[in-house]
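Spelled out, the chains give:
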Amino acid sequence: MAFHGDKGLVSIKELFCAACAPSASHVQLGCCRGYAAVPRRGGNLTLYSENGSGQTLALSGHHGNVTAVAFGRVADPLLLCSASEGCAMVWDVERCYRTSSEGQMASGTVVGTLLGKVVYLSFCPTDERVAACSGNKIYVLNSKKEQVHAVLQGHLGPPIATEFCPWDTGVLVSISEDRTFMIWDLSKKQVLYQSAVLSSCPLISILLMEHSRQLITGSSNGQVWCHSLPDDYKCRLVTRLDIHKTQKMLERLGILNGEQQNTVEAAKPVLTITPGLPFLGKESCWIGSCDGLYLVDLASSEILTVLHFKDYSDLNISLAESLVISQEKSEKMHCLVTSMFEPKIALWEIGFPEKLEKTFPEHHLSVVACSPLMPTSVLKAELAKTDPKSPKKAGVHKQGGVKDHAVVFHTQVKSSGYGESSRRKMFMPMSNIKKKPQKSSWTTKKTGFLLSEYPSHLVPSAPHSEVIISAASPTPIFSLQYSGDGKQILCGLGDRSVLLYKSSLNGNPSVYTGHNKAVSSVCWSHSRSCFLSASEDQTLYIWTPGNKEPALIMGCDKFSTPIQATQFYFLDKFIMLASGSCLHLYLYHLDTSRDDIKRYKQKSFSKLAGRFSTRSGTDISAMTAANDFYSHIVLACGVDRSIQIFDMNVGCVALEISEAHNRAIHHITQNKGSMFSTQTQDSYNLFLSSAITDGIKLWDLRSSRCVRRYEGHLNRCYQCTAAFSPCGRYVATGSEDNCAYVYDIRSSSYLHKLQRQTDVVLNVAFNPATPELLAGTLDGKLSLFWPASGAGLP
């Protein structure tokens, strides 16, 4: 989980290191496009340039010590703003160098006076305005002349930093010592949004990402928050990251290099946040801390690599008090750093190789079977076929004598007919039979509208109908699943029953009972001819629709621990279930015929084909596999927070992902698609995992890494599940705030927050044929959602 950019491939060259005033370590520094601005004593400012001859330039004009420095966003002309307690000045960098080369003194333009001690400066994207934080106020100044556009005041503490919105110059975002951020409308001078208190420590850094429209804030204790900024600026928390804890976890897993010794753990302040270089990904950013630079993937909230200052012996500074990183589009960046313990300041050039790519281990695993079965594969197992023999006559002894002759010779007992009325007509020919016209099999009622392609552009978000399963005694809905054709719905309930609904939720459901405890999981077969249910009483039942008696019962004598998950596997050839630390693979045969004399005797049977243990011996908490096509891959989650990937063709654990979540994983599901949607083969390698308090993670089997996280919903106590849409573009999940959420798979911010329910939404399921979403709650209510427009539905 790193990229080719660690020490040895990433070079850090120290361009200069000089002494500075002790106060320079506590002021805002400026670094941009090879230029660095360093405050000096007496109100002077030194400008370093890497371009050309690398000459320095002294700028003077302030009557007090410079307290903040910032470069403009526009390259030509490049502006520099500096502020002291007396005034704020804007300098044209190129003109200053040109004036100095002519032997004249460079001068700047005063844009603000009597502002107080300015602690932070920032330009708008067009460099027409400058924002200055001073005391409890934020001043918005004109960068061309001395003019104050606005004075903003609203924080309970002094503002620490502020930035203009890159895509809307009329919006300003500020952070404060009161540990909140505010979004301001500059035209109306009003607050559009104010966050809650985010941390116990002050927020000290801020970044606005234009391409993803996200706000990233960092605190002095190493916490990073990522919020989405929609058009109405009502921010939503996308993800949260703890730099110190994440780094320690990756070092423990061997993903990042770290010292294997006991050291004093201390929080690492987020001194600065800068967008990552373009070739590192659009959703990456650099986080500068006191000990190094961290490259963070915002999509997955993971640290890709760390550049520790102490690992580069040529650097004169190993611990930074303050730093600023230049935002450049080339394959290098500059970093201006002040030392924590010495009055030193240094300018570094960080270079990357020409072809820098993220590299992750390739395991050559694919959900879609790409290789033939091995000769010894368990997937080749078959039930023993017995040759048909002539049935023995009942009552005939081996020696030929007649013994214990049965009174009834058939398996079914028919009525004697004494209770029927006498027949008046013995025979009546049927002469007016009308032949029904033969219809094509493609237009039968069994298919109908379901032959159409799934409309991936429609997202179910509007409530359509709802059903209360039992108003007298509410019971939780622990599992939901649509049939493969999208016409029927299975519900596993906490009252030990299974309900079979029509997909429209109209009419009374069929009820199947037999379990002694709550039904934990239900699953349809691929052929839709039967379905199974598993319960906490360690039993598994297989049912056929319309038959209230189970076709097959697998009792607790076969399992010593409860069944955590079960399903049909390998196109209905096997029944797979997770119990304890093992995956059990069963062959089965169903015979639904009944003998009225021996009703207790079960003609269906099952046979154990294989048993597979986890690598570490941990108990399995969740399991999933594809059944709509041939697949050798089974994904299982352990209570030790690991994800174990079984290759059933080989019969062992092919890969283990350790520390996949901070808590034990309670749910895992794959992108299985449906018969009504077409996806690329690689799309089936995506899967989701959920853990309490740790959100949902999207994984890619090819790289065995998390590629995105979804944390906009609430999951702190109950085992809420998630589901892929049939088109693979959306993810739905339940939540403890009594709502269901729909995410676009490409964004960490939720797309829709569905109508609030009366209790926790435990389960969600997409209809495989039409854009419908079904939500099941803790109090036993089913809610059906359609697209807001209603288009595309039958």
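For the structure itself, consult the block above.
So, a few notes on the structure that sits alongside this text. Since we're looking at a predicted model, the values are computed, not measured.

Some words on the overall build of the protein
When you go through the protein residue by residue, the secondary structure sums to two helices and 58 strands. Within the protein, the fraction of its 794 residues that count as buried is 54%. Considering only residue pairs separated by 6 or more positions, the protein has 52% of its internal contacts joining residues 24 or more positions apart. Surface exposure of the protein reaches about 37000 Å², of which carbon and sulfur atoms provide 50%.

Observations regarding the side chain of Asn-715
Inspection of the secondary structure puts Asn-715 in the loop between β51 (705-710) and β52 (722-724). The class for Asn-715 is buried, based on a relative accessible area of 8%. When sequence neighbours within four positions are dropped, the list of residues in contact with Asn-715 reads His-666, Ala-691, Ile-692, Thr-693, Cys-720 and Glu-736.

Some thoughts on the nonpolar core
Proteins that are soluble and globular tend to have nonpolar side chains buried together. Of all hydrophobic cores here, the largest spans 30 residues; its most connected members are Leu-172, Phe-181 and Ile-183. Look past the residues within four positions of Leu-172 in its chain and what remains in contact with it is Ala-131, Ile-138, Val-140, Leu-152, Thr-162, Glu-163, Phe-164, Met-182, Ile-183, Trp-184 and Leu-186.

Regarding unusual backbone geometry
Of the consecutive residues Asp-76 and Pro-77, the connecting peptide bond is found in the cis state with omega at -5°. Checked against the element boundaries, Pro-77 lands in the loop between β7 (66-71) and β8 (79-84). Backbone geometry places Leu-114, a non-glycine residue, at a positive phi of 55°. One can find Leu-114 in the loop between β10 (109-113) and β11 (118-123). At Asp-572, a residue that is not glycine, the phi angle is positive and equals roughly 70°. Note that Asp-572 resides in the loop between β40 (563-569) and β41 (574-579).

With respect to the packing of aromatic side chains
In this description, an aromatic ring pair is defined by two values, namely the gap between the centres and the angle between the planes. Summed over the entire model, instances satisfying the criterion amount to 17 aromatic pairs. On the numbers, 5.0 Å between centres and 50° between planes, the contact of Tyr-710 with Tyr-743 is tilted. Linking Tyr-710 in strand β51 with Tyr-743 in strand β54 (residues 741-744), this pair joins segments that are 33 residues apart in sequence. Like Tyr-743, Tyr-710 is buried. An angle of 75° between the planes, with centres 5.1 Å apart, marks the rings of Tyr-741 and Tyr-750 as edge-to-face. Each member of the pair, Tyr-741 as well as Tyr-750, is classed as buried. Members of the aromatic cluster, each reached through a chain of ring pairs, are Tyr-512, Trp-524, Phe-531, Tyr-541 and Trp-543.

Topic: the sheet that holds β40
The strand order β40-β41-β42-β43 describes an open sheet built from four strands, whose pairing is antiparallel. Of all strands in the sheet, those with a lone pairing partner are β40 and β43 (605-613), marking the two edges. For this sheet, the mean angle separating the axes of adjacent strands, direction not counted, is 20°. With six bridges connecting them, β40 and β41 associate as antiparallel partners. Looking at the pairing, Gln-567 lines up with Met-576 of β41.

Examining the pairing of strand β53 (residues 730-733)
Residues Tyr-730 and Ala-732 point to one face of β53 and Val-731 and Thr-733 to the other, with burial holding for every one of them. Looking at chain direction, β52 and β53 are connected through three bridges and run antiparallel. Bridging across to β53, Phe-724 finds its partner in Val-731. Counting the residues that bridge the hairpin from β52 to β53 gives five residues, and of these Gly-728 lies at a positive phi of roughly 80°. The pairing of β53 with β54 spans four bridges and is classified as antiparallel. Within β54, the residue paired with Ala-732 across the bridge is Val-742.

A word on the pattern of salt bridges
In the structure shown here, the tally under the stated rule is 15 salt bridges. With a shortest N-O distance of 3.1 Å, Lys-573 and Glu-382 are connected by a salt bridge. Of this pair, Lys-573 sits in the loop between β40 and β41 while Glu-382 is found in the loop between β30 (358-359) and β31 (460-468), placing the two residues 191 residues apart along the sequence. Glu-382 sits in the exposed class, given a relative accessible area of 53%. Through salt bridges with shared partners, one network takes in Asp-682, Asp-700 and Arg-702.

Quick word on the pairing of strand β57 (residues 773-777)
Burial within β57 is extensive, with five of its five residues counted as buried. The alternating pattern of β57 places Leu-773, Ala-775 and Thr-777 and Leu-774 and Gly-776 on opposite faces, both of which are buried. Bridge count between strand β56 (residues 761-766) and β57: five bridges; the pairing is antiparallel. Along β57, the bridge assignment pairs Ala-765 with Leu-774. Between β56 and β57, which follow one another and run antiparallel, lie six residues. As consecutive antiparallel partners, β57 and strand β58 (residues 781-787) are separated by three residues, and within that stretch Gly-780 has a phi angle of approximately 80°, a positive value.

Rules used throughout
Residues numbered from 1 in each chain as written. Predicted model: local features only at pLDDT ≥ 70, side-chain atom pairs only at ≥ 80, totals over all residues. Heavy atoms only, no water. Helix = DSSP H or I, 4+ residues; strand = E, 2+ residues; numbered from the N terminus. Buried < 20%, exposed > 50% of the residue type's maximum accessible area, 1.4 Å probe, protein only. Contact = heavy atoms within 4.5 Å. Areas by Shrake-Rupley, 256 points an atom, 1.4 Å probe, with all protein chains shown as cover. Core = buried A, V, L, I, M, F, W, Y, C linked by side-chain atoms within 4.5 Å. Phe/Tyr/Trp six-rings, centres within 6.5 Å; stacked < 30°, edge-to-face > 60°. Pairing = 2+ DSSP bridges. Axes fitted to C-alpha atoms, helices over the stretch in contact; angles between N-to-C directions. Salt bridge = Lys/Arg side-chain N within 4 Å of Asp/Glu carboxyl O.

The values are spatial; any link to function lies outside them.
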